[in-house]
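# Working through the structure, step by step
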Amino acid sequence: MKWIPVSERLPETSGDYLVTTVNGCIKLLEFSAKYSTFNASDLQKYPKYAIAVKAWMPLPEPYKVN
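So, here's what we can say about the structure. It should be emphasised that the depicted structure is a prediction, and the values quoted were computed from it without experimental measurement.

Attention shifts here to the packing of aromatic side chains. As enumerated under the stated definition, the model contains four aromatic pairs in all. Centre to centre, the rings of tyrosine 17 and tryptophan 56 are 5.3 Å apart; their planes meet at 85°, and the pair counts as edge-to-face. Of this pair, tyrosine 17 sits in strand 2 (residues 15-21) while tryptophan 56 sits in strand 5 (residues 53-58); the two residues are 39 residues apart in sequence, bridging distant segments of the chain. On the accessibility criterion, tyrosine 17 (8% relative accessible area) is buried. On the accessibility criterion, tryptophan 56 (3% relative accessible area) is buried. Ring pairs connect the aromatic residues Tyr17, Phe31, Phe38 and Trp56, which therefore count as one cluster.

Encoded structure:
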């Protein structure tokens, strides 16, 4: 998977994503399609403190034992 700059596009659906912040930290954050921001939930009346994100990517598939 490749990093997708937020300047190109945001995720289309709400959920958890791996992100790189503008400070260079890698974090797991929730994205709200309703509010178009990271660190927010569609179910909250008001979004949490928005975190400045530089790029994002979907989470990989969980490990499965063969």
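Picking up after the structure, the text goes on.
Mapped onto the secondary structure, valine 6 falls in the loop between strand 1 (4-5) and strand 2. Given the relative accessible area of 27%, valine 6 is considered partly exposed. Note: C-alpha distance between valine 6 and valine 53 (47 residues apart in sequence) is 7.2 Å. Dropping the residues within four chain positions of it, valine 6 is found in contact with Phe38, Val53, Lys54, Ala55 and Trp56.

Thresholds, definitions, all that
- Residues numbered from 1 in each chain as written.
- Predicted model: local features only at pLDDT ≥ 70, side-chain atom pairs only at ≥ 80, totals over all residues.
- Heavy atoms only, no water.
- Phe/Tyr/Trp six-rings, centres within 6.5 Å; stacked < 30°, edge-to-face > 60°.
- Helix = DSSP H or I, 4+ residues; strand = E, 2+ residues; numbered from the N terminus.
- Buried < 20%, exposed > 50% of the residue type's maximum accessible area, 1.4 Å probe, protein only.
- Contact = heavy atoms within 4.5 Å.

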